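Understanding the architecture of this molecule
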Amino acid sequence: MLVVSQILGGLGVAIGIALAPMLATEVTGTEALSGLAPTASVAGTALLSLPLAAVMTSRGRRPGLVLAYLIGALGGALVVIGTVVRSFPLLLLGMAAFGAGSSANLQARFAAADLVEPERRGRAISTVVWATTIGSVVGPNIAAPAGRVFRGSPVPETAGPYLWSAVAFLLAGAVVAVLLRPDPLLTARALAPQGRQTRSLRAGVAAVRASPMAKLALGTVTVSHTAMVSIMVMTPVHLGGHGAGLQLIGLVISGHIAGMYAFSPVMGWLADRFGRLSVIGLAVGLLSGAALLAGTAGPRHGQTALGLFLLGLGWSAGLIAGSALLTDSVPQDARAAVQGLSDLTMNAAAGIGGATAGVIVAQWGYGPLNAIGAALLLPVAALALRRSMKGAARPGVTKV
C-alpha cells in the first residue's frame, strides 16, 4: 500500500514541481522571482515535517500520512486560485502547502521500516523510495496534456495540472486511509512498548545527541541531500551556458533522476548485506566522484551527464543507508520524532544550499560549486571512518 501511495504521491509532486517556475513568472511578469515558487515548496516540506511527525507519534502513520496528502491537495487548489486572481503571495502559500505531498513521500520510507526485521530494513526503505521513480518520470511528461484540459477555461494551462496533482494526492491519501491497516507504527509500538512517546523537536534532538550512530545518520542524510540539490539545480544553467539545448538538458536531468530512484533497491540490499557504514562510504565516494566529473566537465556534456547520474546514485545510497541507520540507532519511542527532525534538517539545509548555489556560480563558477559540495562530505566521511574503526557495525545490522 505504501508503494501504491508513493506512485500516486510522486506523480502529484512531479506534475507540480515541473511547472512551478513557469507559473511564478506568469503571475509576477518577471523571471527574477521564478525561483521563489519551488523554494516555497521546499520550505513547506521542511516546516511541515516535524508537525506531521508529531501527529504520527501520537496517532500513528496512517493519520499523519493522510493529513499530509490532504494539505498537499489543498495547496494545489490554492496555487490554482492564486494564479487565477494573480496573487503571488497566495501562490507561494499554496506552494508551501503543496510541499506536504513531498513530506508524505519522505515519511513513507520510515513507515516501511516500522515492522520489518533490522536485517531487512534497508530493502524495505529502498522499495518505497524506488516506487517514487514511476511518478517522478511520468509526472513531467503528462503536465502539458493535463494543462490542455483547461484550455478555454478561466484556469490557465500552466496552473491546471495542479488540480490533477491535488486529485493524485487525494487518491494517495484514500489508499493510505482505507488500506494501510494495521497501522505500522502503532503495531510496532505495541509489540515493543518502551514508555512514553516523545514528539517534540527537543526530544528528537536529545535522542540524536545520545547516539553517535544517530548523529552520523542524520549528518549523512542531510549532507547527501544538500550536496545533491545544490549541484543539481545549477546544472541546467551550466549546460545552457555551454550550448546545450532543452532536449539535452532534459536527458541529463532524466538520467540524474534515474540514478536517484531506479537503483535504490540495490542500495537497500547493499545496506542490509554489507552494513550501513559501508554504504555510507559508498555514498561519499559516489558524490565526491560526481562532483569531480561535473565540476571539471566544462563543455563536455557527456561528462556532465555521467557526473549527474553518479550524483543521483550517491544521493540514493546516502538517503537509504542513513535512513536505515537512523531508525536502527534510536529507541522505538523516539523514532517518529527523530525521523521528523531528519526530514526537517535535510530539507532546510537543501533549501539553503539551493538558494546559495546560484550566488556561488555567479561569483566563482560551476566548478567551485562542485568543490564546495564535495567539501561538505568530509565530516561525514570522517565520522563514518571513526565509527568503522571502532568496530561499531557488522554486516546487515548496526548495533547502537
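Computed from a prediction, not measured in an experiment: that's the story for all the values here.

This part covers the packing of aromatic side chains. For the coordinates displayed, the defined rule picks out six aromatic pairs. An angle of 65° between the planes, with centres 5.4 Å apart, marks the rings of Phe98 and Tyr162 as edge-to-face. With Phe98 in helix H4 (residues 88-98) and Tyr162 in helix H7 (residues 160-179), this residue pair connects regions lying 64 residues apart in the sequence. Of the two residues, Phe98 and Tyr162, both sit in the buried class. Measuring from centroid to centroid gives 5.8 Å for Phe263 and Phe309, while their planes differ by 85°, and the two rings are edge-to-face. Taken together, the positions of Phe263 in the loop between helix H11 (246-261) and helix H12 (264-274) and Phe309 in helix H14 (residues 301-329) put the pair 46 residues apart, joining distant regions of the chain. Look at Phe309 and you get partly exposed, because its relative accessible area is 26%.

Before going further, it helps to examine the nonpolar core. If you look at the biggest cluster of nonpolar residues, it comprises 63 residues, and the most contacted ones within it are Leu216, Met267, Ile280, Leu311, Leu325, Val338 and Tyr366. Of all hydrophobic cores here, the second largest spans 44 residues; its members include Ala20, Tyr162, Ala172 and Val176.

Here we take up the pattern of salt bridges. Evaluated as defined, the whole model comprises seven salt bridges. A salt bridge links Arg61 to Asp114, with the shortest nitrogen-to-oxygen separation between them at 2.7 Å. In this pair, Arg61 is assigned in helix H3 (residues 61-84) and Asp114 in the loop between helix H5 (100-111) and helix H6 (121-148), connecting sequence segments 53 residues apart. This pair shows no difference in class: Arg61 is buried, exactly as Asp114 is. Residue Arg123 pairs with Asp272 through a salt bridge whose shortest N-O separation is 2.9 Å. One end of the pair, Arg123, is in helix H6; the other, Asp272, is in helix H12, and 149 residues separate them in sequence. Residue Arg123 is classed as partly exposed on the basis of its relative accessible area of 30%. Sharing partners across several salt bridges, the network here consists of Arg121, Arg123, Asp272, Arg276 and Asp328.

A few words on the confidence of the model for the protein chain. When pLDDT is averaged across the protein chain, the result is 85; 90% of the residues are at 70 or more. Segment residues 392-400 is flagged for pLDDT under 50; beyond a separation of four residues in sequence, or across chains, it makes 29 contacts in the model.

Judged by side-chain polarity, Met1, Val4, Val178 and Leu179 come together as a nonpolar surface patch covering roughly 350 Å² of accessible area. Its place among the elements puts Met1 in the segment before helix H1 (2-28).

Further remarks concern the environment of Ser329. Residue placement: Ser329 occurs in helix H14. Distance from Ser329 to Arg300, taken between C-alpha atoms, is 43 Å for residues 29 residues apart in sequence.

So, about the environment of Leu325. The residue Leu325 is located in helix H14 in this model. Along the primary structure Leu325 and Leu216 are separated by 109 residues, whereas in three dimensions their C-alpha atoms are 8.4 Å apart.

Let us look at the packing of helix H2 (residues 36-59) against H4. It is at 6 Å that the axes of H2 and H4 come closest, and there the two elements cross at 45°. Relative to H4, H2 is oriented oblique. As for the relative orientation of H2 and H4, their crossing is right-handed in sense. Across the interface between the two elements, Leu36, Ala37, Ala40, Ser41, Gly44 and Leu48 from H2 touch Phe88, Leu92, Met95, Ala96, Ala97 and Phe98 from H4. When the residues that make up the contact of H2 with H4 are grouped by side-chain class, the tally is 10 nonpolar, two polar and no charged.

Here is what the cut-offs are and how they apply
Residues numbered from 1 in each chain as written. Predicted model: local features only at pLDDT ≥ 70, side-chain atom pairs only at ≥ 80, totals over all residues. Heavy atoms only, no water. Phe/Tyr/Trp six-rings, centres within 6.5 Å; stacked < 30°, edge-to-face > 60°. Helix = DSSP H or I, 4+ residues; strand = E, 2+ residues; numbered from the N terminus. Buried < 20%, exposed > 50% of the residue type's maximum accessible area, 1.4 Å probe, protein only. Core = buried A, V, L, I, M, F, W, Y, C linked by side-chain atoms within 4.5 Å. Salt bridge = Lys/Arg side-chain N within 4 Å of Asp/Glu carboxyl O. pLDDT = per-residue confidence, 0-100. Contact = heavy atoms within 4.5 Å. Patch = residues over 30% accessible without salt bridge, like charges linked within 9 Å, V, L, I, M, F, W, Y side chains within 5 Å. Areas by Shrake-Rupley, 256 points an atom, 1.4 Å probe, with all protein chains shown as cover. Axes fitted to C-alpha atoms, helices over the stretch in contact; angles between N-to-C directions. Parallel < 35°, antiparallel > 145°, perpendicular 65-115°, else oblique. Left-handed = near helix turned anticlockwise from the far one by under 90°. Nonpolar A, V, L, I, M, F, W, Y, C, P; charged D, E, K, R; others polar.

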